[in-house]
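Breakdown of the fold
If you want the building blocks of each chain, they are given just below.
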Amino acid sequence: MRDLLVEIGTEEIPSGYIKPAALSLKESIIGLLKDRGIEFIDAFVYYTPRRLSVLVRGVSEREPDREEKVKGPPARIAFDENGKATKAALGFASAQGVSVDDLVVEQMKSGEFVFAVKYVRGISTPEIIASFLPDIVRNIPFPKRMRWEESGFTFARPIRWLCVMFGEDVVDVEIAGVRSSNISMGHRFLGRSVELQNAGEYKDALRKEYVVVDPEERKRIIEDGLSSIGSVIDDPELTEEVINLVEYPVVAFGRFSEEYLCLPDEVVITAMREHQRYFAFREDDRLCPIFGVVLNTDKNVDSIISGNERVLRARLEDALFYWNEDTKCKLVDYVEKLKGIVWQEGLGSLYDKTMRVIPLALYLRDVVGCGDKDILSRASLLMKADIGTNMIKDGKEFTSLEGVIGRRYAEATGESPEVAMVIEDYYHPRFPGDILPQTLEGGILGIADRMDTIVGCFIKGLAPTGSYDPM
């Protein structure tokens, strides 16, 4: 029994593509081994931005030998009345590569037929892998694919090397014009190429060339590094993304001016995470003026952090400008500006939508017989107002704060806490698994807004056509 390694080396794959693709590769290889009856001990999936890898431990040398029966001519034609083989039987036996003595007669529904009994030796594991791997790789799912070479093979990014080994031997296979070898690649800048002597040494050999192929190990390194400085704000989605952006994670820390802490926490955190992928920290329930960043190198760290601090300072300065300008007016003043923002062609502006939703929300309140009328009425009027602010309209990285920033502006410009809460609350749930509205008014307004959207889309012939329909 030997170890089997399949590594597909590529240009940098988008972070969101990597894990599903690697899991697909693993499932396909394991499925192939099981289908062919090839035993193995365990299988591991590894991936980085530049590679998808599967390492299967303790794989059998070949598939099991098997017995095959091939149906031939009717027995009455294959043998004469004396039981002697006819030309039909001799020809059939010769075609199947067996002797006449290996022919057996079995009763079928339509009569007795001759069968050739053949004992087939199992194909070797490397031969099976070489035969099926191109199709396995071709069928790895990606949201988008590209072509880059003559054969028209498509993949998420160009394939640059293939390392396919069974124990000490290279499994000879060619995919997209790239032939397999026992050569893998270390870190693009810190490492060198790696000549593997055995498939089983893959993980350790790459580690010496500054590539941590195990995503769980990269995750531990990142989490340990971040926790060493303080209480990091938990952000599983950002962590998952960063894991797939680096091959050799190095956690470093930077600072920003405390003057920006006058901004809502959500604004500061968004400025850090949306484009820069920085981690934020809290201490005693307050945001700290520090950030954590995961680098892909341990060289020139101070210089890199200095650059990161400059970029973050510029983004926070923009956010502070938007905040100061926006809060010069009350949130209600931005309702009029919604007249200039088209909601859907043929269905008017966001202002028109707001004016439709207000009476619908109040009607639904009467139907269900609960919810504060004044809070619901005021929140309905202000529900889209933040879209007219500089923060959402001009600050491209802050569009995800729609609703959240509306609540903060409402609080900052004199609206009641209850109204402010509903302005954010009605957006929930934003995605599957998200929390539900925490207030009655938020739930009612959320239903009213969605009803208007659904009916409007049907009116314009934009009825949903499937689970991936953008509407």
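Here, the structure is the one placed above.
All of the points below concern the structure found in this document. (Residues numbered from 1 in each chain as written. Predicted model: local features only at pLDDT ≥ 70, side-chain atom pairs only at ≥ 80, totals over all residues. Heavy atoms only, no water.)

1. Quick look at the nonpolar core
- Grouped together as the largest cluster of nonpolar side chains are 64 residues, with contacts concentrated most on F256 and L445.
- With residues near it in sequence (within four places) discarded, L445 still touches V357, A361, L376, A379, S380, M383, V422 and Y426.
- Core analysis: the next-biggest nonpolar cluster, separate from the first, contains 40 residues, A22, I30, I175 and A176 among them. (Core = buried A, V, L, I, M, F, W, Y, C linked by side-chain atoms within 4.5 Å. Buried < 20%, exposed > 50% of the residue type's maximum accessible area, 1.4 Å probe, protein only. Contact = heavy atoms within 4.5 Å.)

2. Let's talk about the packing of aromatic side chains
- Scanning the entire structure with this criterion turns up eleven aromatic pairs.
- Above the plane of the ring of F113 lies K71, whose end atom (NZ or CZ) is 4.2 Å from the centre.
- Here the basic side chain of K339 rests over the ring of Y351, its NZ or CZ set 4.7 Å away from the ring centre. (Phe/Tyr/Trp six-rings, centres within 6.5 Å; stacked < 30°, edge-to-face > 60°. Lys NZ or Arg CZ within 6 Å of the ring centre and 35° of its normal.)

3. What about the pattern of salt bridges?
- Enumeration according to the criterion identifies 38 salt bridges in this entry.
- Residue E240 pairs with K19 through a salt bridge whose shortest N-O separation is 3.9 Å. Taken together, the residues E240 in helix α7 (residues 236-243) and K19 in helix α1 (residues 15-35) connect sequence positions 221 residues apart.
- With a relative accessible area of 30%, E240 lands in the partly exposed category.
- Its salt-bridge partner being R138, residue D135 comes within 2.6 Å of it at the nearest N-O pair. Of this pair, D135 and R138 both sit in helix α4 (residues 125-138), three residues apart, which is roughly one turn of the helix.
- For R138, a relative accessible area of 39% puts it in the partly exposed group. (Salt bridge = Lys/Arg side-chain N within 4 Å of Asp/Glu carboxyl O. Helix = DSSP H or I, 4+ residues; strand = E, 2+ residues; numbered from the N terminus.)

4. Observations regarding the sheet that holds strand β4 (residues 66-74)
- A sheet is described by the order of its strands in space; here three strands give the open sequence β4-β6-β5, paired in antiparallel fashion. Here the strands that pair on one side only, and so sit at the sheet edges, are β4 and β5 (103-108). Each strand axis lies, on average, 40° off the axis of its neighbour in the sheet, ignoring direction.
- Note: β4 against strand β6 (residues 111-120), seven bridges, orientation antiparallel. Note that in β6 the partner of E67 across the bridge is Y119. (Pairing = 2+ DSSP bridges. Axes fitted to C-alpha atoms, helices over the stretch in contact; angles between N-to-C directions.)

5. Considerations on the environment of A252
- Looking at where A252 falls in the secondary structure, it is placed in strand β16 (residues 250-255).
- With relative accessibility at 5%, the residue A252 sits in the buried group.
- On a C-alpha basis, the gap between A252 and E106 in space is 75 Å, while along the polypeptide they are 146 residues apart.
- Once residues within four sequence positions are removed from consideration, A252 is found in contact with F291, G292, V293, L295, V301 and I305.

6. A closer look at helix α6 (residues 215-227)
- Under the 1.5 Å per step criterion, the end-to-end length of α6 is 18 Å for 13 residues, consistent within 8% with the ideal 18 Å.
- The set of residues buried in α6 consists of P215, E217, R218, I222, G225 and L226. All buried residues of α6 fall inside an arc of 165° around its axis, so they share one side.
- The residue sitting at the N-terminus of α6 and contributing the capping side-chain oxygen is D214; that oxygen lies 2.9 Å from the backbone nitrogen of E216. (Expected span 1.5 Å × (residues − 1). Arc of directions from axis to C-beta. Polar contact = N/O pair within 3.5 Å; in protein donor to acceptor, adjacent residues only side chain to side chain.)

7. Description of a nonpolar patch on the surface
- The grouping of Y363, V367 and V368 at the surface amounts to a nonpolar patch, some 320 Å² of accessible area in total.
- Tracing the chain through its elements places V368 in helix α10 (residues 350-368). (Patch = residues over 30% accessible without salt bridge, like charges linked within 9 Å, V, L, I, M, F, W, Y side chains within 5 Å. Areas by Shrake-Rupley, 256 points an atom, 1.4 Å probe, with all protein chains shown as cover.)

8. Digging into the packing of helix α9 (residues 301-326) against helix α13 (residues 404-412)
- Contact geometry of α9 with α13 gives a least axis separation of 11 Å together with a crossing angle of 50°. By the angle between their directions, the pair α9 and α13 is classed as oblique. Where α9 crosses over α13, the two elements pack in a sense that is right-handed. Counted together, Y322, W323 and D326 of α9 and I405, R408, Y409 and A412 of α13 form the full contact between these two elements. (Parallel < 35°, antiparallel > 145°, perpendicular 65-115°, else oblique. Left-handed = near helix turned anticlockwise from the far one by under 90°.)

9. Things to note about the side chain of E63
- Here E63 lies in the loop between β3 (51-59) and β4.
- Using a relative accessible area of 4% as the deciding quantity, one classes E63 as buried.
- Among the polar contacts made by the side chain of E63, one reaches the side chain of R36 at a distance of 2.9 Å.
- In this structure the side chain of E63 is engaged in a polar contact, spanning 2.9 Å, whose partner is the backbone nitrogen of I123.
- In this structure E63 touches R36, I38, G122, I123 and I128, once residues within four positions along its chain are discounted.

10. Structural notes on helix α15 (residues 440-459)
- In a regular helix each residue adds 1.5 Å, so 20 residues correspond to 28 Å; α15 covers 29 Å between its end C-alpha atoms and thus fits that length.
- Listed as buried for α15 are E441, G442, I444, L445, G446, A448, D449, D452, G456 and C457.
- Check the buried side of α15 and you find it contacts α10, α11 (373-382) and α14 (417-425).
- Positioned one or two residues after α15, G461 has a phi angle of 75°, which is positive.

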